[in-house]
Amino acid sequence: MMGHDRERQRLDSLVGQLREGRLSDAEAAELRHLLQLRPESRRRFAEHMFLAATLKLDCEERSHEQPHAPWGARLRERRGGWAWFAAGVALAATILLPMLLLWPRRPPLAMEGVGRFVDQGVAVLAEAIDSQWAETGLRARIGASLPQGRLKLEKGWAKIDFYSGASVVLQGGADLELVSPMESILHGGAIRAHVPAHAQGFVVRSGKLKLVDLGTSFGMRVDAEQGTEVHVFEGKVQLHDPVLGGPTATGRELTSGAGVRIARDGSSAALKADANEFAGWRDLQRRSDAGLQQRLQSWQAASAVVARDLRLIAYYPFNRDPSHPGRLANGSVKQDEAIAGSIVGCSWSQGRWPGKDALEFKRPGDRVRIRLPGEYESLTLMAWVRPDSVDNGFASLLVSDGWRRRGATHWQLMGSRQLSLSVWDRDGVNPDVRSRPMLDPYDLGRWMHLAAVYDGPKRLVTLYRNGQPIGARTLPRAVPLCIGAAEIGNWSTLDFPDQAPIRNFNGRIDELAVFSAALEAAEIQEIYETGAP
């Protein structure tokens, strides 16, 4: 008789086989027997099926199938699609339905990664150059939505794009509170705003005034001692009392070329608008271009050092060779021709910086074929990736061909927003290690560094994102890892040619390394910081 832990592991393995359409008659009988043994097994089975069905529904709603394609063709295209679910329902009907009335009621299953995200943002952090932010509870990530709250930029520059279409450039020292897509409050420091016609009425407040924009470009500076300055570069603005909403002491609109300083005592003095005192988008762009080139050069120097690391099995810096555009060169000291990749379907694109190459994976057939020989006690896998979506239950990063062979290694992103590393064991025990949910919609289209460390002597697997651990698990036992014939960005099932689920990665990859050792956390952090765009 199996122990409870072993029984649960076997149940999970059989359910996985069922979901992928690979359950044999003997395994179906075994699954039926396990479900009859214990109420806990039946509950676990039902939770598996409910979670999988919900994920499938979510994927179906986002699919782009041809509406008039024959049902049989669509079913084949989905590689089984709902077939596994129908089989699960049939199995459940024979075992579970008679017990439902007697089944104790329990709270609804809380499912991480399933459900609808709600966008509470009012703006987007479009750019940040050499930025350092004070802690305000508002997380500043380039490309991410920003909800209501306060941003304090201690140093550097940043650009905020409001949902209304207005944009604001912040200089170091700016303290800006986001109120709505049409309103903000400048508590201190300097900003420069551009407000297109469709965002007319955009408001910036300070302690001394309420500025209503009428389709302009203007600058504002707030200083605790000097008061508030407004400089109008184009168009015009209206100034109002910040409390009553009536005209301020200036009693007028400001037009292009004009400015005003409102002192702490409420008095005002006219100024000539000076655009040179306020950083604009073009200034940010120049600084950004210079910074990106410096980052690229720093990475190139670090990449040359990494390539000489004797622990490397394979190193793909993703540098396009114009004379061999269909070949992904291996930059490690191990110059085995089989390690070099054959590019299938993918197209070359821009990587983390201008001048840096990447491969773009979009279609179900896109992949890079490689072969990594040898057995390894420990491995470290790492890559720079830019996911554009996770369309299927799995998005392959580096995956061994097939599955049912000891040491086969599958490193993937999952539809449940997790990073996963799975290694096949001789008894079919699948020590699948998953991170906590680590992707949200705002991560799509953004570069991130992912790593997985398999430490055989410690029986420990640790998963990382951007240099920080996001999941770990101690395994019941370690097995030698054997990647062998494999793919980057896809999976060739081979063992199941008639039931091949689509697992292509959707996005870009521009660096990937495989080490024959378990790298320390400090090493992974250093590699991330060196390569961060």
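Given the structure is predicted, the values throughout are model-derived calculations rather than measurements.

Student: How do you make sense of the overall build of the chain when you look at a structure like this?
Tutor: Looking only at helices and strands, the chain features seven helices and 30 strands. Across the 533 residues of the chain, 47% fall into the buried class. Long-range pairs, those at least 24 residues apart, make up 60% of the contacts in the chain between residues at least 6 apart in sequence. In the structure as shown, the chain presents an accessible area of about 25,000 Å², 51% of it carried by carbon and sulfur atoms.

Student: How do you make sense of the side chain of Ser303 when you look at a structure like this?
Tutor: Its location among the elements puts Ser303 in helix H6 (residues 281–307). Sequence-distant contacts of Ser303, defined by excluding residues within four places in its chain, comprise Tyr315 and Pro317.

Student: Explain helix H7 (residues 521–531) here, please?
Tutor: Three or four residues apart is the spacing at which side chains of an α-helix point the same way, because the helix has 3.6 residues per turn. Three or more residues of H7 are buried, namely Ile524, Gln525, Tyr528 and Gly531. Down the axis, H7 shows its buried residues gathered within 140 degrees of arc, on one side only. Residues of H7 that are exposed and point over 90 degrees away from its buried face: Ala522 and Glu526. Turning to H7, the residues buried within the fold contact H6, strand S21 (379–389), strand S26 (448–455), strand S27 (460–465) and strand S28 (468–474).

Student: Would you explain the pattern of salt bridges in this entry?
Tutor: Think of it this way: side chains of opposite charge can pair up when their charged atoms draw near. Throughout the structure, instances matching the rule amount to 29 salt bridges. As a salt-bridge pair, Arg352 and Asp510 come within 2.8 Å of each other at their nearest N and O atoms. Placement of the pair is Arg352 in the loop between strand S18 (347–350) and strand S19 (357–361) and Asp510 in strand S30 (residues 506–515), with a sequence separation of 158 residues. With respect to burial, Arg352 and Asp510 carry one shared label: buried.

Student: Just checking my understanding: could you explain the pairing of strand S5 (residues 175–180) for this structure?
Tutor: Across a regular strand the side chains alternate sides, sitting on one face of the sheet and then on the other. Pairing of strand S3 (residues 149–162) with S5 involves four bridges; the strand directions are antiparallel. The residue bridging Gly149 from the neighbouring strand is Leu178, located in S5. For S5 and strand S6 (residues 183–194), the ladder comprises five bridges, and the chain directions are antiparallel. Counterpart to Leu178 in the pairing with S6 is Ser184.

Student: Sorry if this is basic, but what is going on with the pairing of S19 here?
Tutor: In terms of residue burial, S19 counts as a mostly covered element, since four of its five residues are buried. Judged from the four bridges that link them, S18 and S19 form a sheet pairing that is antiparallel. Its bridge partner being in S19, Ser347 is matched across the sheet by Glu360. With three bridges connecting them, S19 and S30 associate as antiparallel partners. When the bridges of S30 are listed, Leu359 appears paired with Ile509.

Rules used throughout
Residues numbered from 1 in each chain as written. Predicted model: local features only at pLDDT ≥ 70, side-chain atom pairs only at ≥ 80, totals over all residues. Heavy atoms only, no water. Helix = DSSP H or I, 4+ residues; strand = E, 2+ residues; numbered from the N terminus. Buried < 20%, exposed > 50% of the residue type's maximum accessible area, 1.4 Å probe, protein only. Contact = heavy atoms within 4.5 Å. Areas by Shrake-Rupley, 256 points an atom, 1.4 Å probe, with all protein chains shown as cover. Arc of directions from axis to C-beta. Salt bridge = Lys/Arg side-chain N within 4 Å of Asp/Glu carboxyl O. Pairing = 2+ DSSP bridges.

By themselves, these figures tell us nothing about what the structure is for.
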